[in-house]
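Observations on the three-dimensional arrangement
The chain contents come next:
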Amino acid sequence: MELKKINENVWELPETYKQGMKVKGNIYLNDELYEGLQKDVFEQIANVACLPGIQKYSLAMPDCHYGYGFCIGGVAAFDERYGVISPGGVGFDINCGVRLIKTNLSKKDVEDKTKLKELLNEIFTNVPSGLGSKGKIRLDNNQIDTVLEEGVEWAIKEGYGTKKDLERIEENGRMKEADASFVSESAKKRGKPQLGSLGSGNHFLEIQYVDEIFNEETAKVYGVEKDQLMIMVHTGSRGLGHQICADYLRRMENATKKYNIKIPDRQLACAPINSEEGEAYFKAMSCGANYAWANRQLITHWVREAFEKVFKNSYENMGMEIVYDVAHNIAKKETHIVDGKEKSVIVHRKGATRAFGPNHSEIPEIYRPVGQPVIIPGDMGTASYLLSGTELAMEKTFGSTAHGAGRTLSRVKALQMYKSSEVQERLEKEGILVMADSKGVIAEECPEAYKDIEAVANVCDNSGIALKVSRLKPLGVVKG
DNA sequence: ATGTTC
């Protein structure tokens, strides 16, 4: 069945697409991205539309693609009284997300490539990366529980940053509902040695520069200007979040039966938000989210140290403040307008970024005139984007927008087609230094393996669910 | 994404 094109950037999946749909689907795309989509993504969007208590639309962002149960790039909100919560709507890497750190340095300060190399080497040594990578700190059983319940507040107490950092993080780096007694011992065991590590796959740490400004006013509010040196950190909750997801998927399968919820796909296992199982998952997921924020905070601390060592200056003097830190995989209790009335809902964002608009009480005061910063990483050879949240996003997408470029080649395919050493050489000629923990990751993550980040950012901008603020280009890349 | 199928 054909989808209905509502306007240049919105496609509608009618309720007749599949039996049992309670709401329509709405997908944010352009013609090119629409052509590139497989049918299985539409099926997943339709499946989510069948879940109890879903509000308004089953949504998909421009970077949507097939995922576990819910598609990546999927957004769905459920009524807080009779709706459901689903681990598949959050994803395995709970609070996989991105942090953008600014500096008052400029592109010129690393024009000397030996300087850039020195910086990358220092970061590579100071921030553990790669599959199964372990952090530099050792937590005991009490400490891991504190990390899970306090998130970045724990990190600040331990000296990894300042109170000012807290203000520049979604939820101030702490989900209050977190309760470590709902996280399994095996999840904690995996999480303990990994706190403060980057991980592998699409996770990265980049030194970037501001290549272009699209909105001077918003850029000024964010403290962003042309040629400025930036650091972007993309990582999540490592093995801990993965284990929490696996644990609760199993528990949710039983709950789905227990509460007699009809689901069109087993991977959509869920429970009523107000049930014992639903509440337990939310508390555990919140722990995973806090761990991920603490993880990005420790990494920030070690990046600051690396800059201090190389530039022989304090990080405060170098203006190394957090612009913002956003979650890409999370479920949140939020208030949105539905049928003209304020309503409490659980918003699932799986591969989607919160994009709250101007004057929202949950965004930092300094950003309220223009809306929250939205950080969208691209591939290591092209660019990443900084955008701002909008009133239209509040109205249309429960305050959400895209989260990245999305893969176009599978890892296996990319490995067959490209050679890491060749990709590395080519990028170096373009002025981008890449360091990786493993041999294959550069080929797997090569620019050709990703969709066009420009198209994704432009669909957000054109449709109005986030506005472009600036483009960031990579200079130095650390991969797992 | 992930001690890449405890």
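Criteria and thresholds
- Starting afresh in each chain, residues are numbered from 1 along the sequence in its written order.
- Following the order in which they are written, the chains are lettered starting with A and the ligands numbered starting with 1.
- Whole-chain, interface and lining totals are the exception, using all residues; otherwise, since this is a predicted model, local features are given only for residues with pLDDT of at least 70 and side-chain atom pairs are given and counted only at 80 or more.
- Each side-chain value is worked out from all heavy atoms of the structure, with water and hydrogens disregarded.
- UniProt positions are given in the numbering used here, feature names are shortened, and annotations may be inferred rather than shown by experiment.
- For the exposure calls, accessible area comes from a 1.4 Å probe over protein chains only, and a residue counts as buried if that area is under 20% of its type's maximum, exposed if over 50%, partly exposed in between.
- By the criteria applied, helices consist of DSSP H or I runs no shorter than four residues and strands consist of E runs no shorter than two, each listed in order from the N terminus.
- Pairing between two strands is assigned when DSSP locates at least 2 bridges connecting them.
- Between rings of Phe, Tyr and Trp, where Trp is taken as its six-membered ring, a pair exists when centres lie within 6.5 Å; planes separated by under 30 degrees are stacked, by over 60 edge-to-face, and by other angles tilted.
- Here, a charge over a ring means that NZ of Lys or CZ of Arg falls within 6 Å of the ring centre while also lying within 35 degrees of the ring normal.
- To count toward a patch, a residue needs a relative accessible area above 30% and no salt bridge. Like charges then connect within 9 Å, nonpolar side chains (Val, Leu, Ile, Met, Phe, Trp, Tyr) within 5 Å.
- Accessible surface area values rest on a Shrake-Rupley calculation with a 1.4 Å probe, where residue burial reflects the displayed protein chains alone.
- Only one rule defines a salt bridge in this text: a Lys or Arg side-chain nitrogen within 4 Å of an Asp or Glu carboxyl oxygen.
- A positive count includes Lys and Arg, and a negative count includes Asp and Glu. His and the chain ends are not counted in either.
- Charge positions come from single atoms, namely NZ of Lys, CZ of Arg, CG of Asp or CD of Glu.

In the nomenclature of an unreviewed UniProt entry, chain A is known as tRNA-splicing ligase RtcB of Methanococcus voltae. Turning to chain A, the UniProt record has this under Function (unreviewed entry): "Essential for tRNA splicing and maturation. Acts by directly joining spliced tRNA halves to mature-sized tRNAs. Joins RNA with 2',3'-cyclic-phosphate or 3'-phosphate ends to RNA with 5'-hydroxy ends."

Looking down a regular strand, the side chains alternate between one sheet face and the other. Burial of strand E8 (residues 204-213) is extensive: nine of the 10 residues sit out of reach of the surface. Summarising the sheet, E8 and strand E9 (residues 228-235) pair through six bridges and their orientation is antiparallel. Looking at the pairing, Phe-204 lines up with His-234 of E9. Pairing between E8 and strand E19 (residues 467-479): nine bridges, direction antiparallel. Within E19, the residue paired with Phe-204 across the bridge is Lys-479.

Let us look at the packing of aromatic side chains. Taken as a whole and assessed by the stated rule, the structure comprises 10 aromatic pairs. Following the ring pairs from residue to residue traces out a cluster consisting of Trp-11, Tyr-34 and Phe-42. Across from the ring centre of Phe-398, 5.3 Å away, lies the NZ or CZ of Lys-56, which sits over that ring. Between Lys-468 and the ring centre of Phe-214, over which it is positioned, the NZ or CZ distance is 4.4 Å.

Attention shifts here to a positive patch on the surface. Where like charges cluster on the molecular surface, the positive patch consists of Lys-107, Lys-108, Lys-113 and Lys-226. With respect to the helices, strands and loops of the structure, Lys-107 is situated in the loop between strand E7 (97-106) and helix H3 (113-126). Looking at Lys-107, the relative accessible area reads 33%, which means it is partly exposed.

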